[in-house]
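Close look at the chain arrangement
The residues making up each chain are set out below.
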Amino acid sequence: MPTSYSILLLGLSEHGQSSASKYLTECGHRVVTASSVDEPGEILRNPQLDVIYLRPAASSGPTEDLRRLSALRPATPVVLICSHPSPELIREAWHAGATDVIFEPLTPRMLDSSLKEAARHVPVQTLPSMSPGEARLHYLDETGKEKWTTIRPPKLTIGRSSNCDLAFSYMNISRSQAEIQVEDGNYFVQDLGSKHGTYLNGMRVERARLENGDRIQLGGPQGQTLTFRQGDLLQTLLGPSVSRSEVGFSVSGFREIGMLLATIRALSSIPLLDDLLSLVVDTAIELTGAERGFIMLKEGNGDLKFRCARNSYKRPLDGSSFQTSRRVPDEVFRTGTRIVINDLDVGDGSEDHSSTRRLGLRSIFCVPLRYLTFHDTGSMSGIGRMETIGVLYVDSQRIGSVLSNTQIDALETLASEAAIAIYNARLYRESQEKRKLDEELAIAREIQQALLPGSAKVLPHVCAYSQNLPCREVGGDYFDYFELEGGRFGFALGDVSGKGIAASLLASMIQGIFSAQMLFNLPVPALMSNVNTYLVRRGTGNRFVTFFFGIIDPDGNCTYTNAGHNPPFLVRRDGTIEELREGGPVLGIFPFAQYESGTIALQPGDHLVLFTDGALEARNTAGEEFGEERLRALLTGLTRASSADILASLQKAITAFSANTPQHDDITMMVLGYREEGSRESGTALTASPPPQPGG
């Protein structure tokens, strides 16, 4: 590298120009000055100009002059001088083409550092001579050294065979892989029926015309890369189309900072996990100059799984077409420590990566995806531990240049920010899924409530009031009313084991089965037996149903059967309470269960009180259950009340008892009154308000 450069100081203040010019001249550099971009003229056309220091005019903005210079001198590194630093300014300067950014006042240390960065972009190598129309292939050999091969008409053969004009030893390249054909001054790449294919700019081709700067991959989209160059070699190398990966992994720290800032800013606005992963992998490839990049995330079983695979063209890789190291990412995930391997063939432990080398890989960089977990402990010491959720991995088939500390720090910072963004994206996805589920459950609740009858049913000889309170959006309790021939009134109440969606589906199925059985006018025991047989045949697993069904005729005769349900209470007008137990086992378990029926005679003013176990098992803050004794005591004081008032009193008492505790089971209650005072004996309907809801 030369020790002396030709430097242009452009737009600096008088003091800044004087001090910078003096120092740079003392260091042996050639310095010229100009007051603005419009002044230099001949200076900017000087091919010997190496580096430009630009302080933009206040009126033009920080990057307008920079863009003009980049258009005039696309190959000349420009160092931007600004008065105040800001992340936004750094990002804009990077996109505008700056090599570095420094801030006033200028110091010798600052000038040395910026010139060192700019010098990395000054062309210094001696290039092979080349006629204007001649074309060459540029590539890196197995040692990472740059090579050029001239394409001489009529063709250049490429493959693994030693008879080819350009031979490679990689096993994924066929013996006769491809040809570069010259026809009337045009160049074409022709695949020769290779096993793994020939790719042009990441796309598989059979034959395609070549343009300056095209990249050819042999033996797969991540195979040996050749860059096609035609025309003035100096201009094509220094022009804006030159690929950074062609000159190794080395990039300036300034560009890495700008790239990292832009990516971190974008991460906060990407809610979709797949889009976020793609951005992270693309940035990691750009930061390191690698050929491929991957993100592997931890699954529920603790294993790593590929979630994103991309190439240097920002295109996804097909999972069936790539192989990569598993030892490195597994070790990084296990230890939480980065691994940087510039050449698998060099250094201690290289024999441990023999299987990876057989894949044709030479350089690997892998960092953990980690974030700091927090636990709400009510104190400032609620910080938890580092949680590793996966790894960010990039690799290449060529030897990589040693990564600078800035590159490594940038890659680890990217991984850390990506881990947090992935965590947030997962939370967003979960919230969206929960919102969708909540909407579907709300619809299901509406449907389930619509399938149930109205809470009140009033006939000339009987009044019925019911209330269903699922502990979740939908529940497994069920009740129904049936108006039968001869003025008879049927009523049913059931409780499916379990809660939630599964229980609600079975409850809806039972409603359909029972309603169908009611069409046959069967005796109560036969009807219950048929329902049980159907449920057993349907195979409801370990779920069962407790059920109570009864029929009341106009004379007060009530025939019922109880299938393992909480015995309803018969509350006589004189205050005595009886339990209705006749029946058989629960439904859906025993295929040959037999059911019996019981009969009671109701007197005017008597009430039947039915309930599911959720009413008795309601708990207070001390963990006590409401229980049967409290229910009996409450009903004893309500013998003269109407059915509607009894139900309202039950609901109020249970709600008050279980205040400040979550409802842990569905609660359904039904109260029937036989020939109550004020009932519709004379043809007038009893008017009653529906019972209040919890908390009302």
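Everything below is about the structure shown above.
Let me sum up the structure you'll find in this document. None of these values were measured; they are calculated from a predicted model.

1. Considering the packing of helix α1 (residues 14-26) against helix α4 (residues 108-119)
As a packed pair, α1 and α4 sit with axes 11 Å apart at the nearest point and diverge in direction by 65°. The interaxial crossing formed by α1 with α4 has right-handed handedness. Across the interface between the two elements, Ala20, Tyr23 and Leu24 from α1 touch Pro108, Leu111, Asp112 and Leu115 from α4. Split by residue class, the contact of α1 with α4 holds 6 nonpolar, no polar and 1 charged.

2. A few points about the nonpolar core
Within the largest apolar cluster, 46 residues are counted, with the highest numbers of intra-cluster contacts made by Phe491, Phe514, Phe547, Phe549, Leu608 and Leu672. Those residues in contact with Phe549 that sit more than four places away from it in its chain are Phe482, Gly490, Phe491, Ala492, Phe514, Met518, Val524, Met528, Thr559, Tyr560 and Thr561. Counting 33 residues, the second largest nonpolar core, distinct from the first, contains Leu260, Leu273, Leu277 and Ala421.

3. Concerning the sheet that holds strand β7 (residues 146-151)
Ordered by their spatial adjacency, 6 strands build an open sheet running β7-β6-β16-β15-β12-β13, and the pairing between neighbours is antiparallel. Of all the strands in the sheet, just β7 and β13 (203-205) have a single pairing partner and so form its edges. Geometrically, the sheet is characterised by an average inter-axis angle of 30° between neighbouring strands, direction not taken into account. The pairing of strand β12 (residues 198-200) with strand β15 (residues 215-218) spans 3 bridges and is antiparallel. The partner of Leu200 across the bridge, within β15, is Ile216.

4. Things to note about the pattern of salt bridges
Enumeration over the complete set of coordinates arrives at 21 salt bridges. With a closest N to O distance of 2.6 Å, Arg55 and Glu104 form a salt bridge. Of this pair, Arg55 sits in the loop between β3 (51-54) and α2 (64-72) while Glu104 sits in the loop between β5 (100-103) and α4, and the two are 49 residues apart along the sequence. Judged by relative accessible area, Arg55 falls into the partly exposed class, the value being 26%. A residue is classified by how much of its surface remains accessible, and Glu104, at 27% relative accessible area, is partly exposed. The salt bridge involving Arg572 is made with Glu578; its shortest N-O contact spans 3.3 Å. Residue Arg572 is classed as buried on the basis of its relative accessible area of 15%. Taking the relative accessible area as the measure of exposure, Glu578 reaches 32% and is therefore partly exposed. Members of the salt-bridge network, linked through shared partners, are Glu579, Arg581, Glu628 and Arg632.

The rules we used
Position labels on residues start from 1 in each chain and follow its written sequence. Since the coordinates come from a predicted model, pLDDT governs what is reported: local features require at least 70, and pairs of side-chain atoms require 80 or more to be given and counted, while whole-chain, interface and lining totals use all residues. Values reported for side chains reflect all heavy atoms of the structure, with hydrogen atoms and water molecules removed beforehand. Axis definition: a line fit to C-alpha positions, over the contact stretch in the case of helices; interaxial angles, taken between N-to-C directions, run 0 to 180 degrees. Under the scheme used here, helices are H or I runs from DSSP no shorter than 4 residues and strands are E runs no shorter than 2 residues, and both carry numbers assigned from the N terminus. A clockwise turn of the near helix away from the far one marks a right-handed crossing, whereas an anticlockwise turn of less than a right angle marks a left-handed crossing. Two residues form a contact once any of their heavy atoms are found within 4.5 Å. By the convention adopted, Pro, Cys, Tyr, Trp, Phe, Met, Ile, Leu, Val and Ala count as nonpolar, Lys, Arg, Asp and Glu as charged, and the other residues, Gly among them, as polar. Only buried residues count toward a nonpolar core, which is a set of Ala, Val, Leu, Ile, Met, Phe, Trp, Tyr and Cys residues joined through side-chain atoms within 4.5 Å. Relative accessibility decides the category of a residue: with a 1.4 Å probe and only protein chains considered, values under 20% of the type maximum give buried, values over 50% give exposed, and everything between is partly exposed. By this definition, two strands are paired if DSSP reports at least two bridges between them. Basic side-chain nitrogens of Lys or Arg form a salt bridge, by our definition, when they fall within 4 Å of a carboxyl oxygen of Asp or Glu.

In short, shape yes, function no, at least from these values alone.
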